[in-house]
Amino acid sequence: MTPNLDAARARADEMDRADPLRAMAERFHLPEGVIYLDGNSLGPAPKAALREVEAALHSEWAEKLITSWNAAGWFAAPSDYGDILAPAIGAGKGEVLVCDTTTLNAHKVLHAALKMRPGRTNIVAEGDSFPTNIHAAEGVTGLAAERRLLLEGEDGDRVEDLIDDRTAVVFLNHINYRTGVVRDMGLLTKRAHDAGALAIWDLCHSAGVFDVRLNEAGADFAVGCTYKYLNGGPGGPAYLFAAARHIPEVEQPLTGWWGHEAPFSFDVHHRSDKGIRKFLSGTQHMLSMRGAKAGLELAASQDIAAVRAKSMGLTQLFTELAEEICGEFGIGVFSPREAERRGSQVALTHPEAYAVMQALIERKVIGDFRTPDILRFGFAPLYVSYRDAVEAVAVLREVLVTEAWRDERFRTRAAVT
Ligand SMILES: *Cc1c(COP(=O)(O)O)cnc(C)c1O
């Protein structure tokens, strides 16, 4: 029987009318007719970012040439943009730096943390972490024979069980990239500190859509990218947080002239900057950097309570409706059912998840596939409406009913899924 979606549509429209964030969608460029549920992989372009990139190209680079390092604020951008982002992640001025990639920043803070805990050998992380975090931790442990990387889940252990007096640092994802599970930053940071260890948080899936409170939680370090919910553009710079109390003493291994106290003194030997800029290495990718500014400003100017409330509302509506009208076609729910425990995404399962997602994308409902059988949908509250959530489920049901996903052209996997 075809479900009647009229009631769900009417309710969604009512929620959209009452949505305090409804005007925000205007700030983004979204292609006509697309329901974009992949802002957790690549956020759409803020209209202001398009204007800023134009200015960076035509005015700052083409016309003003080298003067832009000073006049357009290029040189100061990593720390200035960090200050713009800081309130959105519960950090203070001078604690955040926008630079490099999440992976490189993870290397920097892992080394920094290990150096702050001499005599301790272990890094604790999650076995189902976004892989690059594990890759980085493996690189860091590989540099000294006594170092160990302990992964949650490998022997059934929980992070809490792996932390002991050998732990130098605990490196955790605030929100898991596949399941959407939220971890308790305050509790786990405290657990690390009680054991004498430090805590690094990866905010890739929480910054911009969750009330991140790094300083309230006592976090030591954090890393994250700008190109997901912060809408900073493809390959946009990442960021790094170091708690103010650590900045005077902390050392990072990727030293270079941009992290020098006085880069233009051209000193032969390294003397690191006294502030957060000590985490810089070399020249930043300035066009990408300029593309990220508008998204950071947008994120930092939101009422995060309203953003989180809408995020929970959207994911709840989508999850319940998907279960109700697509469950009979093999759709399962992989993310937590309770909105409180879930980030801003919903992971559904289907044995033919890859092909199903390709069929959805052809119908302009864009989410992504994650191995082995996950259909992942990100709900960015600034531009996704409740009505979008309902229409996305309606299209999913249509793809399943008609078995449109069986088509041969949906079987070939592209390099990026
Ligand atoms: C997307 C993502 C990254 C990306 O790292 P890059 O170095 O920017 O490619 C890292 N960690 C997590 C948890 C992510 O989701």
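Attention in this report is confined to the structure presented alongside it.

Definitions and cut-offs
Residues numbered from 1 in each chain as written. Predicted model: local features only at pLDDT ≥ 70, side-chain atom pairs only at ≥ 80, totals over all residues. Heavy atoms only, no water. Helix = DSSP H or I, 4+ residues; strand = E, 2+ residues; numbered from the N terminus. Polar contact = N/O pair within 3.5 Å; in protein donor to acceptor, adjacent residues only side chain to side chain. Contact = heavy atoms within 4.5 Å. Core = buried A, V, L, I, M, F, W, Y, C linked by side-chain atoms within 4.5 Å. Buried < 20%, exposed > 50% of the residue type's maximum accessible area, 1.4 Å probe, protein only. Pairing = 2+ DSSP bridges. Axes fitted to C-alpha atoms, helices over the stretch in contact; angles between N-to-C directions. Left-handed = near helix turned anticlockwise from the far one by under 90°. Nonpolar A, V, L, I, M, F, W, Y, C, P; charged D, E, K, R; others polar.

### Some words on the side chain of D220
Tracing the chain through its elements places D220 in the loop between helix 9 (214-217) and strand 9 (221-225). Only 2.7 Å separates the side chain of D220 from the backbone nitrogen of A199, close enough to count as a polar contact. With near-sequence residues (within four places) excluded, D220 lies in contact with H193, L198, A199, F241, A242, A243, R245 and H246.

### Quick notes on the nonpolar core
Formed by 72 residues in total, the largest nonpolar core has its most connected members in I89, L203 and F279. In terms of residue count, helix 5 (residues 102-116) provides more of this core than any other element does, six residues in total. Excluding residues that lie within four positions of it along the chain, L203 makes contacts with I89, H174, M185, V212, L214, A222, V223, G224 and Y239. Counting 54 residues, the second-largest nonpolar core is a separate cluster that includes L37, L298, M357 and Y386.

### Notes on the environment of A49
Counting through the fold element by element, A49 comes out in helix 2 (residues 47-63). Spatially, the C-alpha atoms of A49 and I331 are 37 Å apart, while their sequence positions differ by 282 residues. If near-sequence neighbours (up to four positions away) are discounted, A49 is found in contact with G291 and A294.

### Quick look at the sheet that holds strand 10 (residues 238-242)
Strand order across the open sheet formed by seven strands is 4-10-9-8-7-5-6, with mixed pairing between neighbours. Whereas interior strands pair on both sides, the edge strands pair on one side only; in this sheet they are strand 4 (96-99) and strand 6 (148-152). Adjacent strand axes in the sheet meet at a mean angle of 20 degrees when their direction is disregarded. Bridge count between strand 5 (residues 122-126) and strand 6: five bridges; the pairing is parallel. Pairing of I123 across the sheet is with L149, part of strand 6.

### Description of the packing of helix 2 against helix 10 (residues 286-300)
Axis separation between helix 2 and helix 10 bottoms out at 8 Å; the angle between their running directions is 145 degrees. Regarding helix 2 and helix 10, the two cross each other, and that crossing is right-handed. The segment helix 2 lies against helix 10, with A48, A49, E52, V53, A56, L57, E60 and W61 engaging L287, R290, G291, K293, A294 and E297. Taken together, the residues of the contact of helix 2 with helix 10 break down into eight nonpolar, one polar and five charged.

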